[in-house]
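# A structural walkthrough
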Amino acid sequence: MTQHQPLTPAPYVWTAPPLGEATSAHPRFYTDPEVFKAEIAHIHLKHWFFAGRVEEVANPGDFKALETVGGPAALVRGQDGVLRAFANICRHRNSILLEGKGCAHSIVCPYHGWSYELDGTLAGAPGMREVPEFEKPPHGLLPIRMETWDGAIFLNFDDAAPPLSEHLGDLPELLGSHRFGDMRVTWQIEIETRCNWKLLLENAMESYHTGIVHAATVGAQKSMSFPTRGEWHCIQVQAGSSIAVLDGDPPFPPIAGLSEQSRKGTYFTLIEPTTQFACAQDTIWWLAVRPVAVDRSVLSVGGCFPRPYTELPDFEERAAPYYQRWEAVALEDVGILEKQQRALGSVMARPGPLSWRDDMVLAINRWVLSRLPAEVAATLT
Ligand SMILES: [Fe+2]
């Protein structure tokens, strides 16, 4: 299967070794702090990760503080209307500047009162006038590389990384008719988990487990895989109507202008390394994973709807079943993954044979492994 064929579903995406010889990754892939350290340096600090939606910081002065794999960051909309991302740390002695979300005229450090303009320029540094040769300009907030795609904000700590558009490859082509740019985020939660970051994403990209883990909620699903170009993977769970709610007819109609393929089900994507956009006929939701330690991750889940839906007088009532479903299913997944993490720590744990329904697990394992230094990868065979 080449990387450039049209985006039509395939029974599965498989890469060598042949089915029958393919196994799950070495347990140390999920438990070894040295592997985790290498992943942070060679993967997480070098690739794009999702940080939120532009409408969360829509107006001049709006800000959103967030934790990232590279430390505290802040998204800030300047008086000039430009959205910027900064390290959320004071240039004096590295105190945290902003917390949560809000709207501000300037950014003031809560420790010694240094203040910054919304564009990051250092505005005030009390008591520093007496310091010989101190000048403000070099001490503005440190920018973090930021790009957006259709309202989705991505950050990257590597200034040498390829642009976001290259990373996303043909994703905009497949998901374009969902019109992310006209979506509004209406719901977000964060779940602290005791499992490796990769388990959350592998789980999010296979439907093999759904009939068992989600027997009480979404139940068994069938999915098809898509060949993709760029640093992302894609499956589609086949279902004629939205699977983003559990019972009965979906409270919202399908998104206007959805492509023929998009009407056939829900896309589950993985934008390597840590971002999933799930795109049903009537809504999109994300899973974004922040690795904290080899056996700890924070899962954020957010839900978005087309803007016109969010303006309906009974929007909240109609949206509530989606929120319940997203949280319930996420907690079911986290429950089983924390058990898996415990078992992976056993001296008796070892690689096991993969099913064809684990095609994306293999694809994700290979993507990660191929980016680790050879000496680290060699410890995992
Ligand atoms: Fe699941």
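Residues numbered from 1 in each chain as written. Predicted model: local features only at pLDDT ≥ 70, side-chain atom pairs only at ≥ 80, totals over all residues. Heavy atoms only, no water.

### Comments concerning the overall build of the protein chain
In plain terms, the rule: We count a stretch as a helix when DSSP gives it H or I for four or more residues in a row; a strand needs E for two or more, and each element gets its number in order from the N terminus. Computation of the radius of gyration draws on C-alpha atoms, with the globule rule given as 2.2 Å multiplied by the number of residues to the power 0.38. Under the scheme applied here, a residue whose accessible area is under 20% of the maximum for its type counts as buried, over 50% as exposed, and between as partly exposed, the area being computed with a 1.4 Å probe on protein chains only. Any two residues whose heavy atoms approach within 4.5 Å are treated as being in contact. Where accessible areas are quoted, they stem from the Shrake-Rupley method and a 1.4 Å probe; at the residue level, only the protein chains shown are allowed to cover. Charge counting treats Lys and Arg as positive and Asp and Glu as negative, with His and both chain ends excluded. Just so you know, the charge point we use is NZ for Lys, CZ for Arg, CG for Asp and CD for Glu.
Each helix and strand in the protein chain was counted, giving 10 helices and 17 strands. A compact globule built from 381 residues should have a C-alpha radius of gyration of about 21 Å, and the protein chain, at 22 Å, falls within 12% of that. Counting only C-alpha atoms, the protein chain reaches 70 × 55 × 40 Å along its principal axes. Within the span of the protein chain, comprising 381 residues, buried residues form 54% of the whole. By sequence separation, contacts in the protein chain at least 24 residues apart represent 68% of the contacts at least 6 residues apart. Total accessible area on the protein chain stands at roughly 17,100 Å², and carbon and sulfur atoms take up 53% of it. In the protein chain, 32 positive and 45 negative side-chain charges are present, and the distance between their average locations comes to 2 Å.

### Concerning the pairing of strand β13 (residues 232-238)
Rules: When DSSP locates at least two bridges between a pair of strands, those strands are taken to pair.
The buried count for β13 comes to 6 of 7 residues, which makes it a mostly enclosed element. In terms of strand pairing, strand β12 (residues 223-226) meets β13 through 4 bridges, oriented antiparallel. Paired with S223 across the bridge in β13 is V237.

### Regarding the coordination of the iron ion
Each pair of donors in an ideal four-coordinate tetrahedral metal site encloses 109.5 degrees, whereas pairs in an ideal six-coordinate octahedral site enclose 90 or 180 degrees. Under the convention used in this document: With water omitted from the atoms examined, metal sites may look incomplete; donors here are N, O and S atoms no farther than 2.8 Å from the metal, or 3.2 Å in the case of Na, K and Ca. A four-donor site is called tetrahedral if each angle lies between 85 and 135 degrees; a four-donor site is square planar, and a six-donor site octahedral, when trans pairs exceed 155 degrees and the remaining angles lie between 65 and 115; all other cases are labelled irregular.
Distances from the iron ion to its protein donors, H209 (NE2), H214 (NE2), D333 (OD) and D333 (OD), fall at 2.0 to 2.7 Å. Between the 4 donor atoms coordinating the iron ion, the angles at the centre fall across 54 to 146°, so the site counts as irregular. Linear spacing of the donor residues for the iron ion on their chain is H-x4-H-x118-D. Remark: D333 occurs in helix α8 (residues 315-344) and H209 occurs in the loop between α5 (197-204) and α6 (210-213); sequence separation between them is 124 residues. Summarising the burial analysis for this pair, H209 and D333 share the class buried.

### Some remarks on the domain arrangement of the protein chain
Inclusion rule: The start and end points of each domain follow an automatic or database-based domain assignment. Buried area adds together the accessible area that both of two parts lose upon being put together, with accessible area traced by a 1.4 Å probe. Salt bridges are defined by distance alone: a side-chain nitrogen of Lys or Arg within 4 Å of a carboxyl oxygen of Asp or Glu. Polar contact criterion, stated in full: a pair of N or O atoms within 3.5 Å, where within protein one must be able to donate a hydrogen and the other to accept it, and residues adjacent in sequence count only if both atoms are side-chain atoms.
Here the protein chain is described as being made up of domain 1 (28-47 + 169-380) and domain 2 (50-147). The distance between the C-alpha centroids of domain 1 and domain 2 comes to 31 Å. Between domain 1 and domain 2 the total buried area reaches about 970 Å² when both faces are included, carbon and sulfur atoms providing 65% of it. Applying the counting criterion to the domain 1 and domain 2 interface returns 0 salt bridges. Taken together, the connections running from domain 1 to domain 2 amount to 5 residue pairs in polar contact (both at pLDDT 80 or more). Elements with a minimum of two residues in the side of domain 1 that touches domain 2: α2 (33-44), β11 (183-193), β15 (275-279) and β16 (284-293).

### A short note on the packing of aromatic side chains
Spelled out, the test is: Side-chain rings of Phe, Tyr and Trp, where Trp is taken by its six-membered ring, are said to pair if the distance between their centres is within 6.5 Å; with planes under 30 degrees apart they count as stacked, over 60 as edge-to-face, and otherwise as tilted. Whether a charge sits over a ring comes down to the Lys NZ or Arg CZ being within 6 Å of the ring centre and within 35 degrees of the ring normal.
All chains considered together, the criterion is met by 23 aromatic pairs. Their ring planes at 75° and their centres at 5.2 Å tell us that F29 and Y30 sit as a pair that is edge-to-face. Residue Y30 is classed as buried on the basis of its relative accessible area of 4%. When the centroid spacing of 5.3 Å and the interplanar angle of 5° are considered together, the rings of W187 and Y323 count as stacked. Here W187, found in strand β11, pairs with Y323, found in helix α8; they are 136 residues apart in sequence, far enough to count as distant. Each of the two residues, W187 as well as Y323, counts as buried. Connected via pairs of aromatic rings, a cluster forms that spans W187, F252, F268, W285, F305, Y309, F315, Y322, Y323 and W326. Taking the ring centre of F29 as reference, the NZ or CZ of K198 above it sits at 4.2 Å.

### So, the packing of α5 against helix α9 (residues 359-369)
A packed helix pair is summarised by two numbers, namely the angle formed by the two axes and the spacing between the axes. How we decide: The convention used is that axes are lines fitted to C-alpha atoms, helices contributing only their stretch in contact, and that angles between N-to-C directions extend from 0 to 180 degrees. Crossing handedness is read from the near helix: turned anticlockwise from the far helix by less than a right angle, it gives a left-handed crossing, and turned clockwise, a right-handed one. The nonpolar class holds Ala, Val, Leu, Ile, Met, Phe, Trp, Tyr, Cys and Pro. Asp, Glu, Lys and Arg form the charged class, and all remaining residues, Gly among them, are polar.
The interhelical angle for the contact between α5 and α9, taken along N-to-C directions, is 145°, at an axis separation of 9 Å. Between α5 and α9 lies a crossing of right-handed hand. Of α9, the residues touching α5 (which contributes W197, K198, L201 and E202) are V361, I364, N365 and V368. Along the lines of polarity and charge, the residues of the contact of α5 with α9 split into 5 nonpolar, 1 polar and 2 charged.

### So, the sheet that holds strand β7 (residues 115-116)
Read from one edge of the open sheet, 3 strands run β6-β7-β8, paired in antiparallel fashion. Each edge of the open sheet is held by one strand with a lone partner, namely β6 (107-108) and β8 (122-124). In this sheet, β7 lies alongside β6 in antiparallel orientation, the contact comprising 2 bridges. Looking at β7, one finds that I107 is bridged to Y116.

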